[in-house]
Amino acid sequence: MIVAIDGPSGTGKSSTSKAVAAQLGLSYLDTGAQYRAMTWWMITNGVDVSDPAAVATAAGKPVLVSGTDPAAPTITVDGADASGPIRTQEVTSKVSAVSAVPEVRTVVTELQRSIASAAGKGIVVEGRDIGTTVLPDADVKVFLTASPEARAARRSGELKGKEATDVAATKDALAKRDAADSGRKTSPLAKAGDAVEVDTTDLTLQQVIECVVTLVEEKRAAR
Ligand SMILES: Nc1ncnc2c1ncn2[C@@H]1O[C@H](COP(=O)(O)OP(=O)(O)OP(=O)(O)O)[C@@H](O)[C@H]1O
Ligand SMILES: Nc1ccn([C@@H]2O[C@H](COP(=O)(O)O)[C@@H](O)[C@H]2O)c(=O)n1
């Protein structure tokens, strides 16, 4: 059972995917964490992330390892735990430039496919291009959306006391990242033609989880 969950930033992909995987006994892969880890490695190794040629040359160097337990997902780069550093504002502001580089996408997509094919019990994979490019034959495809206001409010609540708490600034930053992710040439953020779109604006997280679990159970029953 392969479940692909895509959508723009802050629509609830990670929260939903982890919970669905835990509830159904599946593995879980956060592909955004892999692009973030690649970006963190580039920054810490002095690669100019605004130079696509430099990013392309370095793309094959870092060794990324993702742990797929939904209760405790992990990510290491060259053996070092990267789960904290990949969530900084610096990485968030630079990740779209790195993920737009075709050589980066080739390396990361290959890794994602190998993790998915090794997941014996099945896997929930979340990202931007899972249903369209990485796993186009996924059994269930979901595309989550939410209004810009709802997404900014969710993110601002999360950041409170840590970094920026301004909802308007958060909304602008999300819009900028989504525009870059949707506008890149290689494997942009997009809804697969056969994905079920779920607008989460007025749904609780629990309702979204139940919706996806139902889709997976219906698919299992139909097999
Ligand atoms: N339906 C919902 N209602 C209210 N809050 C939600 C809902 N879904 C997710 N959230 C909250 O919104 C925030 C963002 O969710 P999450 O990290 O799962 O989104 P995401 O789509 O994975 O974002 P990104 O792509 O930026 O990683 C979290 O704090 C989460 O708890
Ligand atoms: N399949 C994917 C997943 C992510 N990205 C890029 O990574 C960024 C961070 O993703 P988060 O889910 O952790 O917010 C995202 O903005 C994309 O640039 C991607 O390209 N493809």
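In this text, all values refer to a predicted model and were calculated from it rather than measured experimentally. (Residues numbered from 1 in each chain as written. Chains lettered and ligands numbered in written order. Predicted model: local features only at pLDDT ≥ 70, side-chain atom pairs only at ≥ 80, totals over all residues. Heavy atoms only, no water.)

## Comments concerning the overall build of the protein
Applicable threshold: Numbered from the N terminus, helices here are DSSP runs of H or I no shorter than four residues, and strands are runs of E no shorter than two. Atoms considered for the radius of gyration are the C-alpha atoms alone. The globule rule reads 2.2 Å times the number of residues to the power 0.38. Relative accessibility thresholds used throughout: buried, under 20% of the residue-type maximum; exposed, over 50%; partly exposed, between the two (1.4 Å probe, protein chains only). Working rule for contacts: check all heavy atoms of both residues, and any pair within 4.5 Å makes them a contact. In these tables, accessible area is a Shrake-Rupley quantity obtained with a 1.4 Å probe, and a residue counts as shielded only by the protein chains included in the view. In summary, the charge assignment counts Lys and Arg as positive and Asp and Glu as negative, without counting His or the chain termini. Positions of charges follow a simple convention, taking NZ of Lys, CZ of Arg, CG of Asp or CD of Glu.
A count of helices and strands for the protein gives nine helices and eight strands. For a compact globule of 223 residues, the expected C-alpha radius of gyration is about 17 Å, and the protein comes in at 17 Å, within 12% of that figure. Each principal axis of the C-alpha distribution contributes one length, and for the protein these read about 50 × 40 × 30 Å. For the protein, the residues scored as buried account for 46% of the 223 residues in total. For the protein, the share of sequence-separated contacts (at least 6 apart) that also reach a separation of at least 24 residues comes to 75%. With the model as given, the accessible surface of the protein reaches about 10200 Å², and the carbon-plus-sulfur share is 54%. In the protein, which carries 25 positive and 28 negative side-chain charges, the distance between the mean positions of the two groups comes to 0 Å.

## Observations regarding the pairing of strand β7 (residues 140-145)
Applicable threshold: Any two strands between which DSSP finds at least two bridges are classified as paired.
Counting buried residues along β7, six of its six residues qualify, which places the element largely inside the surrounding structure. Note that β7 and strand β8 (residues 196-199) share four bridges and pair parallel. Directly across from Thr-145, in β8, lies its bridge partner Asp-199.

## Side note on the UniProt feature "binding site: ATP" (unreviewed entry) in the protein
Put simply, the rule reads: UniProt positions are given in the numbering used here, feature names are shortened, and annotations may be inferred rather than shown by experiment. We define a polar contact as two N or O atoms separated by no more than 3.5 Å, with the added condition that, inside protein, one atom must be a possible hydrogen donor and the other a possible acceptor, whereas residues neighbouring each other in sequence contribute only through side-chain atom pairs.
UniProt's entry tags Gly-7, Pro-8, Ser-9, Gly-10, Thr-11, Gly-12, Lys-13, Ser-14 and Ser-15 with the feature "binding site: ATP" (unreviewed entry), counted in the numbering of this structure. Along the chain, Gly-10 turns up in the loop between β1 (2-6) and α1 (13-24). Relative accessible area serves as the criterion here: at 12%, Gly-10 is assigned to the buried category. If we ignore the near neighbours within four places in the chain, the residues touching Gly-10 are Arg-151, Arg-154 and Arg-155. With respect to the secondary-structure elements, Thr-11 resides in the loop between β1 and α1. Given a relative accessible area of 2%, Thr-11 falls into the buried group. A polar contact of 2.8 Å, which involves the side chain of Thr-11, links it to the backbone oxygen of Pro-8.

## Things to note about the nonpolar core
Worth spelling out the cut-off: In this description, a nonpolar core means a group of buried Ala, Val, Leu, Ile, Met, Phe, Trp, Tyr and Cys residues linked to one another through side-chain atoms lying within 4.5 Å.
Of all hydrophobic cores here, the largest spans 21 residues; its most connected members are Met-38, Met-42, Val-55 and Val-104. Broken down by secondary-structure element, the contributors of at least two residues to this core are α2 (31-44), α3 (52-58), β4 (74-77), α4 (89-99) and α5 (102-118). Per element, the largest residue contribution to this core is six residues, and it comes from α2. Every residue in contact with Met-38, bar those within four places of it in the chain, is listed here: Ala-59, Pro-62, Leu-64, Val-98, Val-104, Val-107 and Val-108. Formed by 19 residues, the second largest nonpolar core is a distinct cluster that contains Leu-24, Val-142, Ile-209 and Val-212.

## Some details on helix α9 (residues 205-222)
Rules: By this rule the span expected of a helix is its residue count minus one, scaled by 1.5 Å. Picture the helix axis, draw a direction to every C-beta atom, and the arc is the one those directions span.
Its 18 residues give α9 an end-to-end C-alpha distance of 26 Å, which sits within 8% of 26 Å, the value for a rise of 1.5 Å per residue. All buried positions along α9 are accounted for by Val-208, Ile-209, Val-212, Val-213, Leu-215 and Val-216. Seen from one end, α9 has its buried residues packed into an arc of 155°, which puts them on one side. Away from its buried face, by an angle of more than 90 degrees, α9 presents the exposed residues Ala-221 and Ala-222. Turning to α9, the residues buried within the fold contact β1, α1, β7 and β8.

## With respect to the packing of α1 against α9
Describing two packed helices takes the angle between their axes plus the distance from one axis to the other. Let me state the cut-off plainly: Simply put, an axis is a line fit to the C-alpha atoms, just over the touching stretch for a helix, and the angle between two N-to-C directions goes from 0 to 180 degrees. Here the word oblique covers every angle except those under 35 degrees (roughly parallel), over 145 (roughly antiparallel) and from 65 to 115 (roughly perpendicular). Rotating anticlockwise by less than a right angle from the far helix to the near helix defines a left-handed crossing, while the corresponding clockwise rotation defines a right-handed one.
Orientation of α1 relative to α9, taken along the N-to-C sense of each, is 50°, at an axis distance of 9 Å. Here α1 lies oblique to α9, going by the angle between them. Considering only the axes of α1 and α9, their crossing is right-handed. On α9, the residues touching Ser-15, Thr-16, Ala-19, Val-20, Gln-23 and Leu-24 of α1 are Leu-205, Val-208, Ile-209, Val-212, Val-213, Val-216, Glu-217 and Arg-220.

## Some details on the site of ligand 2
Applicable threshold: We call a residue near a molecule or strand as soon as one heavy atom of that residue lies within 4 Å of the molecule or strand.
Near ligand 2 lie 16 residues; those nearest to it are Arg-36, Ser-99, Arg-105, Asp-129 and Asp-181. Separating an oxygen atom of ligand 2 from a side-chain N or O atom of Arg-36 is a distance of 2.7 Å. Within the contact set of ligand 2, an oxygen atom lies 2.8 Å away from a side-chain nitrogen or oxygen of Arg-105. Contact with the protein chains hides 97% of the accessible area of ligand 2, taken as 460 Å² for the molecule alone. Of all the secondary-structure elements, those providing two or more residues to the shell around ligand 2 are α2, α4 and α8 (167-183). Sorting elements by how many residues they give to the shell around ligand 2 places α2 first, with four residues.

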